[in-house]
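Geometric and topological summary
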Amino acid sequence: MVELSLFFNSLLVLAVWYLWRSLRSAIIKCRVNLPGPPRAAWFAGNLKQFHDSNHGMEFLEQLASYGSAVKIHGICGDEQIHISDPRALHHILVKDQDIFEKSNMFIKINRLLFGYGLLATLGAHHKRQRKMLNPVFSAKHMRSLTPLVFNITKELCDALAKKASGADATVNMLDWMSRVSLELVGQAGMGYSFEVFDEQAQNEYAYCVRELVPTIFTLQTYLQFLPLLMKLGPPAFRRFLVQLVPSRRIQILKEITDTIDRTSTRILNSKKRALEQGDEALLKQVGEGKDIISVLLRANRQASETDTLPETELLAHMSTLIFAAHDTTSSALSRILHVLCLRPEAQQKLRDEVTLAMASQDELLYDDIMALPYLDAVCRETLRLYPPIPFLPRTANRDTVVPLMTPVKGPDGEMINEIPIAANQGVIVGIVAINKNRDVWGPDADEWRPERWIEPLPSSVYDAHVPGVYSHTLTFLAGGRACIGFKISELEMKIVIALLLERFRFSLPDDEEIIWRLGTIQTPSTRGRAGEMPFLPLKVSMV
């Protein structure tokens, strides 16, 4: 018995030593004396401030006051760099994108959750996947999906009309934006209906998808150690270890990912059978064979052997598509509605534009909806000022140097014009910081002013050369890892907002203050609902 106890104690000491050795090798110090906030805690540094759901956005605002390159304290003395300088971000996201990859933790998490999809591959593997996927996210394909998006949004409006039958009924609009976003990605992305507008329906897949992001966020602290744990034997052994973990949240995450994988496999098999049976079978399916996965399956059959995606990757793309498109779109839609409630005159101006455009037709064509100037301006300005994802991590895979457009003043008074970055150092892409950079957008950068997109933009916007794929912002990122689905997201947002404003009037609740919390994605709530699910109560009435 004593010998057995000694063996396990020795094993524990060895495991602790290996963990500490791995941590020591992962700790990287800045090679230049950058400004930044003081370390808040010895072990976690500033990471808890970064991931504080209630005050995280305030911390990000504080970072901007230090300049466009800021030192952040990570775990056990590790130092990362938060960057919002346009020139530096061009190097990180475009010119030297092969040097600055997704963080090891991000890649490992996504491989565990979804498999080898776009969010979990690197280098040539990622480029090969993107080459196959690019055509299904083109503007040409968006035109074919436009009637489907209109039909789904009309279902939303009909369901919402029942809720708003009374005078100024209060409705949780985040819930309905989540429902319509999920149905849009389900039908347009996978040719699958989540049955979200039937409140009596019990769709296990829909429940798991909606719970995925909140569950992941509750485990952020533990996920820092995931790359180390991934070294513990083969996948079957790691899965066995996960089953032994006495954590309810980890077991819930396991059940969620298992359900998503199982249902995605069933949907993919159904699509393959329909494709083998011909066009008539495809027309009988949800989406009539126009959904992204059906189009991808057809393209995959015609691709060369080197470009063909294996079935495991097709499954991974399905899960990735839902994860990447659902919560970000519902967050953006909710934010637009909230902003329009804060500015009733802008809401009415947009309603007038939409009503006039749709006066002579039941639904608009793709080019018509995309050309509405004020709708476009409202979407652009909201996505600039309130990106659903405020920052993203990157990791340098070798030593390099990035130049700055605007020099940063170090704590010792030295002006810093470029930043030497060490191999394995973490870099945080400051999305919301660059989107609100006053050197780029001028003194009113913090103001919501959609008219800026109708007026000529200031020359500073063009001179900055912000590398984003959308409207001189980084809301949808840039380079080879820019959001591949930003065109369909933009289409969905414009149609949903247009049809909602045509039929409904939205206003703030009388007795609750709406706030926004930081998570993996920004979500709304009301003051005093700490620890509860995201919530957006708005008064809704018929126009």
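Parameters and conventions
- Residues numbered from 1 in each chain as written.
- Predicted model: local features only at pLDDT ≥ 70, side-chain atom pairs only at ≥ 80, totals over all residues.
- Heavy atoms only, no water.
- Pairing = 2+ DSSP bridges.
- Helix = DSSP H or I, 4+ residues; strand = E, 2+ residues; numbered from the N terminus.
- Axes fitted to C-alpha atoms, helices over the stretch in contact; angles between N-to-C directions.
- Salt bridge = Lys/Arg side-chain N within 4 Å of Asp/Glu carboxyl O.
- Buried < 20%, exposed > 50% of the residue type's maximum accessible area, 1.4 Å probe, protein only.
- Phe/Tyr/Trp six-rings, centres within 6.5 Å; stacked < 30°, edge-to-face > 60°.
- Lys NZ or Arg CZ within 6 Å of the ring centre and 35° of its normal.
- 1 Å grid on protein atoms, 1.4 Å probe; cavity = no way out; pocket = protein on both sides within 12 Å on 5 of 7 lines; lining within 4 Å.
- Points joined across faces, edges and corners; volume = space filled by probe spheres on them.
- Nonpolar A, V, L, I, M, F, W, Y, C, P; charged D, E, K, R; others polar.
- Expected span 1.5 Å × (residues − 1).
- Bend = angle between axes of the 7 residues up to and from the residue.
- Contact = heavy atoms within 4.5 Å.

Some words on the sheet that holds strand S5 (residues 391-396)
Ordered by their spatial adjacency, five strands build an open sheet running S1-S2-S8-S5-S3, and the pairing between neighbours is mixed. A single partner strand is all that each edge strand has here, and the edge strands are strand S1 (69-73) and strand S3 (100-102). Each neighbouring strand pair of the sheet contributes to a mean axis angle of 35°, computed without reference to strand direction. In the sheet, S1 pairs with strand S2 (residues 79-83) via five bridges, with the strands oriented antiparallel. Within the sheet, the bridge partner assigned to lysine 71 lies in S2 and is isoleucine 81.

A short note on the pattern of salt bridges
Per the counting criterion, the structure on display carries 26 salt bridges. Note that glutamate 101 and arginine 481 form a salt bridge whose closest N and O atoms lie 3.5 Å from each other. Of this pair, glutamate 101 sits in strand S3 while arginine 481 is found in the loop between helix H22 (459-464) and helix H23 (486-503), placing the two residues 380 residues apart along the sequence. Since its relative accessible area comes to 12%, glutamate 101 is described here as buried. For arginine 481, a relative accessible area of 14% corresponds to the buried category. Between aspartate 175 and arginine 179 there is a salt bridge, with the nearest N and O atoms lying 2.9 Å from each other. Taken together, the residues span about one helical turn, with aspartate 175 and arginine 179 both in helix H8 (residues 173-190) at a distance of four residues. One connected set of salt bridges, linked through shared partners, spans Glu381, Arg384, Asp444, Arg449, Arg452 and Glu455.

Observations regarding the packing of aromatic side chains
Here the structure, examined in full by the defined rule, presents twelve aromatic pairs. Residues phenylalanine 50 and phenylalanine 59 carry aromatic rings whose centres are separated by 5.7 Å and whose planes lie at 70° to one another, so their mutual orientation is edge-to-face. Side by side, phenylalanine 50 and phenylalanine 59 carry an identical accessibility label, which is buried. Arranged with centres 5.1 Å apart and planes meeting at 45°, the rings of phenylalanine 194 and tyrosine 205 form a pair that is tilted. Separated by eleven residues along the polypeptide, phenylalanine 194 in the loop between H8 and helix H9 (204-218) and tyrosine 205 in helix H9 bring together distant segments of the chain. On the accessibility criterion, phenylalanine 194 (1% relative accessible area) is buried. In textbook terms, an aromatic cluster arises when at least three aromatic residues are bridged by ring pairs, as seen for Phe50, Phe59 and Phe391. The ring centre of phenylalanine 106 lies 4.3 Å from the NZ or CZ of lysine 102, which sits over that ring.

Quick word on empty space enclosed by the protein
Over the atoms rolls a probe the size of a water molecule, and in doing so it shows where empty space is left. The tally for this structure, following the rule as stated, stands at one cavity of 30 Å³ or more. Those elements that provide at least two residues to the lining of the largest cavity are H9 and helix H16 (311-342). In terms of residue class, the lining of the largest cavity is made up of six nonpolar, one polar and one charged.

What to know about helix H7 (residues 139-163)
Spanning 25 residues, H7 covers 35 Å between terminal C-alpha atoms, matching the ideal 36 Å at 1.5 Å per step. At leucine 145, H7 shows its largest kink, close to 45°, and the proline proline 147 lies no more than four residues downstream.

What to know about the sheet that holds strand S9 (residues 504-507)
Spatially, the three strands line up as an open sheet ordered S4-S12-S9, and their pairing is antiparallel. Of all strands in the sheet, those with a lone pairing partner are strand S4 (169-172) and S9, marking the two edges. Recorded for the sheet is a direction-independent mean angle of 40° between the axes of neighbouring strands. Where H7 meets the sheet, it contacts S4, S9 and strand S12 (537-542), and its direction lies at approximately 60° from that of S9. H8 contacts S4, S9 and S12 of the sheet and is inclined by roughly 50° relative to S4.

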